[in-house]
Amino acid sequence: MSIVTVQLGQCGNQIGHEVFNALCSDVHGTHGLCSKKENESYHDACKERFFSEEESEVPVARAVLVDMEPKVISQTLSIAARSGCWKYDDRSHFCQKQGSGNNWANGYSVHGPRHKEAIMNLVQKEAEKCDRLGGFFTIMSMAGGTGSGLGAFVTQCLRDAFPTSFILNHVIWPYGTGEVIVQNYNSLLTLSHLYQSSDALLVHENDVIHKICAQLMKIKQISFRDVNQVIAHQLGSVFQPTYTAEGGLHYSRNPLGDLMETLVPHPEFKMLGLRNIPQMPENSLPYSTFSWPGLIKHLRQMLIANAKMEEGIDWQVRPPQLGSSIPSSHSTNKPLHFNTSIANLVILRGKDMHNIDLGSFRDPSLYTSWLNPQDAFNAWKTPRAFNKYEKSAALVSNSQFLLKPLDNVVGKAWNMFASKAYIHQYTKFGIEEEDFLDSFTALEQVISSYTIL
């Protein structure tokens with residue numbers, strides 16, 4: 001089944017480009033450890049998901065690019081075309097001359113309705129090119145105006161137009177120090193609206209990715225491109241083909257459906273986080289060796305201690321004894337700061353992964369009590385290595401990982417709202433105080449549901 005990617009705003013278009021780059025370079029990389037047949041079926045499964053073929057035989061990304069300013073889209077189209085490895089369809093983009101000025105209401109209430117028909121026509125055409133449509137993957141930021149406001153509007157349109165298709169929203173959580181003064185308002189409105197129309201939200205935090213660039217990738221002067229490439233690598237490690245069944249002979253045909261079935265057992269819980277191990281500069285890879293037990297041990301501790309990378313994990317955190325009271329997620333007692341899960345998916349790529357013991361992820365104390373641990377944990381595997389890593393593991397988790405950042409955003413937005421700061425910037429585009437209050441209520445409910453896990 002094919003996935004149509006919808007790239008929204010500057011951030012969405014730049015990350016989307018890096019995602020297709022990562023997928024393409026992985027598919028064309030050399031993987032001598034795999035048989036020719038294995039490589040071919042992997043190649044075909046990736047193509048079916050993300051690319052269509054044209055007469056030129058250069059793969060064409062199954063994507064729609066949307067921005068209210070032309071600059072980023074024209075750059076993205078030309079860089080992709082020059083690569084010679086893949087390209088975008090020249091007709092699958094929509095842009096205007098005027099941006100949304102970091103105003104969510106402008107993107108949602110003005111640009112969205114005004115350009116709905118043109119944007120949805122492009123999406124419809126892209127969907128019709130798919131033999132079987134698996135769903136939509138949208139990429140957007142929460143801080144600005146176009147990605148967040150227009151992105152929330154387009155997601156609702158996708159839900160109305162394709163009621164049975166899966167929608168996974170990939171959202172970039174803004175830097176805590178602040179990118180724009182109204183980013184907490186924009187984030188509040190984006191999340192509350194996406195929660196209504198999306199099947200799941202896959203979240204990357206800018207602060208975390210920045211840290212990975214600095215501490216793991218050893219990059220001195222970190223650019224947006226560096227950040228986007230780390231995000232793209234992590235997304236590729238999830239979306240590239242895998243065997244979803246033990247001893248499976250065929251790559252999964254329905255990646256979005258499998259992801260939702262595995263990780264979102266209840267519509268109240270839609271927040272997904274992603275962790276990867278190992279991550280390091282490419283020039284260090286030839287001198288590094290990894291064992292599966294070591295990678296699995298680190299990945300599990302990253303999960304329960306809510307560490308976003310393998311450096312600086314708190315090894316003191318232990319799962320609670322079953323039957324004892326679980327400390328609240330707001331506990332100030334750091335060693336007890338345990339991250340309870342609803343569901344986890346581990347994806348293993350590389351050699352010798354058939355007999356790996358994943359029993360530690362099936363421990364019932366990792367999960368909320370209302371789900372059978374056998375249903376709460378899944379593993380996908382492939383012997384094919386990913387992007388030059390001989391062995392790598394990814395963890396997609398529906399857990400309490402986002403409670404603190406979410407609580408922060410809602411708290412800061414409420415403090416501004418209580419003093420009526422910048423509200424007039426939103427009301428002039430038709431977003432009333434009532435809309436803000438509805439969004440606060442919706443997110444307080446999400447916080448409450450995750451807190452009592």
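Predicted model only: the values in this text are computed from it and were never measured.

What counts as what
In this convention, every chain numbers its residues from 1, walking through the sequence in written order. Residues qualify for local features only when their pLDDT is at least 70, as the model is predicted, and side-chain atom pairs are given and counted only at 80 or more; totals for whole chains, interfaces and linings, by contrast, use all residues. Hydrogen atoms and water are omitted, and side-chain values are computed over all heavy atoms in the structure. Only buried residues count toward a nonpolar core. Its members are Ala, Val, Leu, Ile, Met, Phe, Trp, Tyr and Cys residues joined through side-chain atoms within 4.5 Å. When a residue's accessible area, from a 1.4 Å probe over protein chains only, is under 20% of the maximum for its type it is buried; when over 50% it is exposed; and in between it is partly exposed. Labels follow the DSSP assignment, with helices taken as runs of H or I lasting at least four residues and strands as runs of E lasting at least two, numbered in each case from the N terminus. Throughout, a residue-residue contact means that at least one pair of heavy atoms, one from each residue, lies within 4.5 Å. Working rule for helices: expected span equals 1.5 Å times residues minus one. Buriedness of a pocket was judged along seven lines, with at least five required to meet protein on both sides within 12 Å; pockets are open sets of points on a 1 Å grid over the protein atoms alone, cavities are sets where a 1.4 Å probe fits but cannot get out, and lining residues have an atom within 4 Å of a point. Grid points are joined across faces, edges and corners, and a volume is the space filled by probe spheres set on the points. For this classification, Asp, Glu, Lys and Arg are treated as charged, while Ala, Val, Leu, Ile, Met, Phe, Trp, Tyr, Cys and Pro are nonpolar and the rest, including Gly, are polar. Pairing between two strands is assigned when DSSP locates at least 2 bridges connecting them. Two cysteine sulfurs form a disulfide in these notes if their separation is within 2.5 Å. pLDDT measures how confident the predictor is about each residue, on a scale from 0 to 100. In what follows, salt bridge is the name for a side-chain nitrogen of Lys or Arg lying within 4 Å of a carboxyl oxygen of Asp or Glu.

S.K.: Please give an account of the nonpolar core that cites residues and values.
M.R.: Formed by 144 residues in total, the largest nonpolar core has its most connected members in Leu-168, Met-271 and Phe-436. At eight residues, the largest contribution of residues to this core is made by helix α4 (residues 104–128). Not counting residues up to four positions away in its chain, the partners in contact with Leu-168 are Phe-136, Phe-137, Thr-138, Ser-198, Ala-200, Leu-201, Leu-202, Phe-239, Leu-256, Leu-259, Met-260 and Leu-272.

S.K.: Describe helix α8 (residues 224–239), listing the residues and the values that go with them.
M.R.: Within an α-helix, residues lying three or four positions from one another point in the same direction, as the helix has 3.6 residues per turn. An ideal rise of 1.5 Å per residue puts 22 Å on 16 residues; α8 measures up with 22 Å between its terminal C-alpha atoms. Burial analysis of α8 places 13 of its 16 residues in the buried class, the great majority of the element.

S.K.: Residues and numbers for empty space enclosed by the protein, please.
M.R.: One pass over the full model with this rule turns up three cavities of 30 Å³ or more. Volume-wise, the largest cavity comes out at about 100 Å³. Together, Val-203, His-204, Glu-205, Val-208, Ile-209, Ile-212, Gln-234, Gly-273, Leu-274, Arg-275, Lys-308 and Phe-401 line the largest cavity. For the lining of the largest cavity, the elements supplying multiple residues, two or more each, are β8 (200–205), α7 (206–216) and β9 (271–277). Classifying every residue of the lining of the largest cavity by side-chain character gives six nonpolar, three polar and three charged.

S.K.: Residue-level account of the pairing of β8, with values.
M.R.: Of all six residues making up β8, six are buried, and the element is well covered by its neighbours. Neither face of β8 is open: one carries Ala-200, Leu-202 and His-204, the other Leu-201, Val-203 and Glu-205, and all of them are buried. Relative to β8, strand β7 (residues 166–173) runs parallel, the two being bridged by six bridges. Looking at β8, one finds that Asn-169 is bridged to Leu-201. The sheet contact formed by β8 and β9 spans three bridges and is parallel. Bridge assignment links Leu-202 to a residue of β9, and that residue is Leu-272.

S.K.: Please give an account of the pairing of strand β10 (residues 341–350) that cites residues and values.
M.R.: The buried count for β10 comes to 10 of 10 residues, which makes it a mostly enclosed element. Where β10 meets strand β11 (residues 377–382), six bridges bridge the pair, whose relative direction is parallel. If you follow Leu-348 over to β11, its bridge partner there is Lys-381.

S.K.: Run through the state of the cysteines, naming residues and quoting values.
M.R.: Covalent bonding between the sulfur atoms of two cysteines is what defines a disulfide. Under the defined criterion, the tally for this structure stands at zero disulfides. The cysteine Cys-95 is free of any disulfide, with Cys-11 supplying the nearest cysteine sulfur at 17 Å.

S.K.: Let's hear about the confidence of the model for the protein chain: which residues, and what values?
M.R.: If pLDDT is low for a region, its predicted coordinates should not be looked at in detail. Averaged over every residue, the pLDDT of the protein chain is 91; residues scoring 70 or more account for 95%. The low-confidence segment residues 325–335 (pLDDT under 50) makes 17 contacts with residues lying over four places distant or belonging to another chain.

S.K.: Hey, could you go over the pattern of salt bridges for me, with residue numbers and the actual values?
M.R.: Enumeration over the complete set of coordinates arrives at 13 salt bridges. Lys-47 is the partner of Glu-53 in a salt bridge, and the nearest nitrogen-oxygen pair spans 3.3 Å. By relative accessible area, Glu-53 is classed as partly exposed at 49%. The class for Lys-47 is buried, based on a relative accessible area of 19%. Put simply, Glu-205 and Lys-308 hold a salt bridge, and the shortest N to O gap is 2.9 Å. A residue pair is termed long-range when its members are at least 10 positions apart, and Glu-205 in strand β8 and Lys-308 in the loop between α10 (292–304) and β10 qualify at 103 residues. Taken together, the shared-partner salt bridges in this structure form one network comprising Asp-89, Arg-91, Glu-126 and Lys-129.

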